[in-house]
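# Descriptive analysis of the structure
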Amino acid sequence: MSNPCLKCTVDQNCCRDLHGLTLNEDEYKKLFEGQSGALTITRKGKLYQVFSYGKGACPHWDQQCTIYGDRPMDCDLYPYTMGNVFEGDGEVYATYHSRTECPLSEQLLGPREKAEDLIRSFLKKTYGEDYRITVRYDEGAARAYHLARRAASKAKRILIDGKP
Ligand code: SF4
Ligand code: SF4
């Protein structure tokens, strides 16, 4: 099967410009510890986040992902992305959204049920089986993003047509 990402029109920046890739400790230790290079890695509770601020690609990027079968859950989830994660009193509440620059998102976004299973299993591994896990799609964030994109593309068309 051909790789749809070969037709990427945004320079494959999902791997070349990381802005909040979420990892648990196992993923961080196995894949990112000690090789952050130009990356900024933050930690909040049990989760880590990786940012490149446009200064460097993922260390596992070499024209394609070099650890594809072993990539972090958040990479597997893409173009869905984990949003906020709140933890307390034996409960974890997480959101995810489809607010993305990926030009092939309509083709690549799978069913939400599958995305939610992936996130739930990641959170169980991260927090333990005893935690109550709730995962919700962030409809508001996705809708606001898609409306903004539509408005931007309309504005661009008007400009090109010379009919502002
Ligand atoms: S997932 Fe989307 S943004 Fe990433 S390389 Fe593929 S087409 Fe490009
Ligand atoms: S681990 Fe692979 S899929 Fe994930 S950001 Fe790095 S190169 Fe991309």
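For the structure itself, consult the block above.
What this report covers is the structure whose coordinates are included nearby. Since the structure is predicted, the reported quantities are computational estimates derived from the model, not experimental observations.

Taken together, Cys15, Leu18, Cys58, His60, Trp61, Cys65, Ile67, Pro72 and Cys75 are the residues near ligand 2. Taken together, the residues that form the shell around ligand 2 break down as eight nonpolar, one polar and no charged.

We now examine the pattern of salt bridges. Under the defined criterion, the tally for this structure stands at seven salt bridges. We note a salt bridge from arginine 112 to glutamate 139, for which the minimum N-O separation is 3.7 Å. Of this pair, arginine 112 sits in helix 5 (residues 112-127) while glutamate 139 sits in helix 6 (residues 139-161); the two residues are 27 residues apart in sequence, bridging distant segments of the chain. Taking the relative accessible area as the measure of exposure, arginine 112 reaches 34% and is therefore partly exposed.

Turning to the site of ligand 1, a few remarks are in order. Neighbouring ligand 1 are the residues Cys5, Cys8, Val10, Gln12, Cys14, Tyr78, Cys102, Pro103, Leu104 and Leu108. Grouping the amino acids of the shell around ligand 1 by side-chain chemistry returns nine nonpolar, one polar and no charged.

What counts and how
- Residues numbered from 1 in each chain as written.
- Chains lettered and ligands numbered in written order.
- Predicted model: local features only at pLDDT ≥ 70, side-chain atom pairs only at ≥ 80, totals over all residues.
- Heavy atoms only, no water.
- Near = heavy atom within 4 Å.
- Nonpolar A, V, L, I, M, F, W, Y, C, P; charged D, E, K, R; others polar.
- Salt bridge = Lys/Arg side-chain N within 4 Å of Asp/Glu carboxyl O.
- Helix = DSSP H or I, 4+ residues; strand = E, 2+ residues; numbered from the N terminus.
- Buried < 20%, exposed > 50% of the residue type's maximum accessible area, 1.4 Å probe, protein only.

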